Structures are given as C-alpha cells and as structure tokens.
Amino acid sequence: MRLLFLGTGGYHPNERRHTAGIMLPELGILFDAGSSAFRVASHLATQQIDIFLTHAHLDHVQGLTYLLVPLARGQITHCRVHASPDTIAAVKEHLFSEPLFPVLPAFEFLPLTDQVAVANGQAIITHQPLHHPGGSVGYRLQVGDKKIAYITDTTVSHSYVDFVRGVDLLIHECYFPDAMADWAGKTGHSYTSQVASLASEARVTRMYLTHIDPQRSDDDPIGLATARAIFPETYLAEDLMELEI
Ligand SMILES: [Zn+2]
Ligand SMILES: [Zn+2]
C-alpha cells in the first residue's frame, strides 16, 4: 500500500513543511487535516474518504475547512470524520462556528469505537489515548498482514509501547532534538532519543519522524544520528514523501 506524507510540520507551516496530514490514497484514508489538507484534492484515488483526527489542535484540524471545495465539486462524494467525542464537539462548535467558518461541509462525524473498519473492510483501525494537553489519540492501522502506527501529539510514555509493538511502520512525532528535551516536557511533545528508545523497545521495523518544530527548516532538525545510534531504522519524513508498505 502507498502512503503519502502530506504535511510533516508541527504547530504552524514553514517554507518546508505544512502541518499534520498522512494519506493512504488507494484506501481513501487520511490521518489528521492540518494545513497540508489543501493537497488532498490533487492526490485523491477514491471518491469516499475517511479522516481520523488525533485531536482538535488547529495544526491537526484547520484543513477540514479546505475540503469544502472538493466536496462541493463532487471530487469527494462522502467524507467521514472519525475522532473522539470531545474532538468532534470542539471541531463542530469552534472551527465551524459561524464567525470563523460559516459553512459546515457535508461531513459525517463518527465518534471512535474500539475498532473501525474502513475501505470496504480492508483496513482495521484501533486507537490509544496519548499524553498531551487537552488529550490526543494514537492510531494503529492493519491492512492484511501490514501494520502502521501513527503517534502524535504526545510525550513519550510506556503506556503505548504495546499498542505500537511490532508494527512495520511507526510514524511518531519528534518535535524537538535532545538539546531541547526540557521543552518537550513543558509542551507535551517528544524528543529524539526518547522516541528512538521507544521504537527499539517496541521492536518496530522502521520509524519515520514527523511533526517537526517549524522553527527548524534545515536538513537535520532532530539529530538523526542520535536517533540512529539507538534505533538505526529511523528516517525523517518530508512533505510529499511517498512510502510503499
Ligand atoms: Zn500538533
Ligand atoms: Zn497538539
């Protein structure tokens, strides 16, 4: 299956990265809808899409407003938005409050259940609470014998090691390099060596780091060598990078 990183930055876009978005075009699945969601329309391979939101922070949901046009034009005929009840309420009441954005696109909002089957039953998605101000959930996707986990936004915790254990691909946030570890604790985010240790402990096959500090637009914002010394199969995600899983 093909996976496309639509946006790999945290908090706000910069010249290199838009905010959170991961797309599996052939399955019609999207994780998060940050500023990168303007890219969805040009990568559609299905007319129906299922969006899974991790939480309601703007860098993960603002792009829901951008889907109004592809929905109105019929490029997308049905769009389900899956999220926790709190996230759904926040999006409906605040993002789509009349003074902010006066038209609620024709989304079907669905509160998360223990196990969600999408893409005609081909993909099974489960979720796990994370540690982040206001709450967040991580996702695990299984398609045939392939397993992917998407973990953002969060401080690293042993509470979800079993949830990501043994996946073929772990996509994990890494907002900060080790030199800014104190900021990770203060802001509810992760730093490099902590994330690499988690990947090693969970015995995942490979890991891509995303949700990068937007103050950094250089080639090595998180200290890849530090991560690889702990977990060699660590890579840095970039906007519009494609993976075959
Ligand atoms: Zn975020
Ligand atoms: Zn957040």
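Quick note: structure is the one above.
As the structure is a prediction and not an experimental result, all values here were calculated from the model. (Residues numbered from 1 in each chain as written. Chains lettered and ligands numbered in written order. Predicted model: local features only at pLDDT ≥ 70, side-chain atom pairs only at ≥ 80, totals over all residues. Heavy atoms only, no water.)

Caption draft 1: View of helix 3 (residues 85-95). Among the residues of helix 3, Thr87, Ile88, Val91 and Leu95 are the ones counted as buried. Taken around the axis of helix 3, the buried residues stretch over an arc of 100°, which confines them to a single face. Relative to its buried face, helix 3 has exposed residues pointing more than 90 degrees away, namely Pro85, Asp86, Glu93 and His94. Contacts made by the buried residues of helix 3 are with helix 1 (58-61), strand 5 (78-83) and strand 6 (107-111). (Buried < 20%, exposed > 50% of the residue type's maximum accessible area, 1.4 Å probe, protein only. Helix = DSSP H or I, 4+ residues; strand = E, 2+ residues; numbered from the N terminus. Arc of directions from axis to C-beta. Contact = heavy atoms within 4.5 Å.)

Caption draft 2: Region of interest: the sheet that holds strand 12 (residues 206-210). With mixed pairing, the seven strands of this open sheet are ordered in space as 7-8-9-10-11-12-13. Looking at strand neighbours, the two that pair on one side only are strand 7 (116-118) and strand 13 (234-236), the edges of this open sheet. Going across the sheet, the axis of each strand differs from the next one's by a mean of 20°, ignoring polarity. Pairing of strand 9 (residues 136-143) with strand 10 (residues 146-151), which is carried by five bridges, proceeds in the antiparallel orientation. Within the sheet, the bridge partner assigned to Arg140 lies in strand 10 and is Ala149. Seen against the sheet, helix 6 (residues 192-201) touches strand 11 (169-173) and strand 12 and runs at an angle of roughly 155° to strand 11. (Pairing = 2+ DSSP bridges. Axes fitted to C-alpha atoms, helices over the stretch in contact; angles between N-to-C directions.)

Caption draft 3: Seen up close, the coordination of the zinc ion (ligand 2). Bound to the zinc ion (ligand 2) on the protein side are His55 (NE2), His57 (ND1), His132 (NE2) and Asp153 (OD), at distances that span 2.2 to 2.4 Å. Taken together, the four donor atoms coordinating the zinc ion (ligand 2) and their angles of 89 to 167° define a geometry best described as irregular. Read in sequence order, the donor residues for the zinc ion (ligand 2) give the motif H-x1-H-x74-H-x20-D. Given a relative accessible area of 2%, His55 falls into the buried group. (Donors = N, O, S within 2.8 Å, 3.2 Å for Na, K, Ca; no water. Tetrahedral: all angles 85-135°; square planar, octahedral: opposite > 155°, others 65-115°.)

Caption draft 4: Structural detail: the environment of Thr19. Here Thr19 is to be found in the loop between strand 1 (2-7) and strand 2 (21-24). Separated by 15 residues in sequence, Thr19 and Leu4 have C-alpha atoms that sit 14 Å apart.

Caption draft 5: Structural detail: the packing of aromatic side chains. Throughout the structure, instances matching the rule amount to 10 aromatic pairs. Centre to centre, the rings of Phe31 and Phe52 are 5.8 Å apart; their planes meet at 40°, and the pair counts as tilted. Placement of Phe31 in strand 3 (residues 29-31) and of Phe52 in strand 4 (residues 48-52) is noted, with a sequence separation of 21 residues between them. What makes Phe52 buried here is its relative accessible area of 0%. One aromatic cluster is present, built from ring pairs that chain together Phe31, Phe52, Tyr139 and Tyr150. Its end group placed over the ring of Trp183, Lys186 keeps NZ or CZ at 4.5 Å from the ring centre. (Phe/Tyr/Trp six-rings, centres within 6.5 Å; stacked < 30°, edge-to-face > 60°. Lys NZ or Arg CZ within 6 Å of the ring centre and 35° of its normal.)

Caption draft 6: Region of the structure containing the coordination of the zinc ion (ligand 1). Coordination of the zinc ion (ligand 1) by the protein comes from Asp59 (OD), His60 (NE2), Asp153 (OD) and His211 (NE2), over a distance range of 2.1 to 2.2 Å. Seen from the zinc ion (ligand 1), its four donor atoms lie at angles of 93 to 165°, and the figure they make is irregular. Mapped onto the polypeptide sequence, the residues donating to the zinc ion (ligand 1) form the spacing pattern D-H-x92-D-x57-H. Here the zinc ion (ligand 1) and the zinc ion (ligand 2) are spaced 3.5 Å apart, and both take Asp153 as a donor. The residues Asp59 and His60 share a single accessibility class, namely buried.

Caption draft 7: Local environment of the sheet that holds strand 14 (residues 242-244). The strand order across the open sheet built from seven strands is 6-5-4-3-2-1-14, with neighbouring strands paired in mixed fashion. Strands at the two margins of the open sheet, each flanked by one partner only, are strand 6 and strand 14. Each strand of the sheet is rotated relative to its neighbour by a mean of 20°, with strand direction disregarded. With three bridges connecting them, strand 2 and strand 3 associate as antiparallel partners.

Caption draft 8: Representation of the pairing of strand 12. Across the five residues that make up strand 12, a large majority, four, are buried. Sheet topology note: the strand 11/strand 12 ladder contains five bridges and is parallel. Within strand 12, the residue paired with Ile171 across the bridge is Tyr208. Across three bridges, strand 12 lies against strand 13 in parallel orientation. Residue Leu209 lies in a different strand from strand 13, and its bridge partner there is Leu236. In this fold, the crossover linking strand 12 to strand 13 by way of helix 7 (residues 224-230) has right-handed handedness. (Right-handed = clockwise from strand over helix to strand, strands pointing away.)

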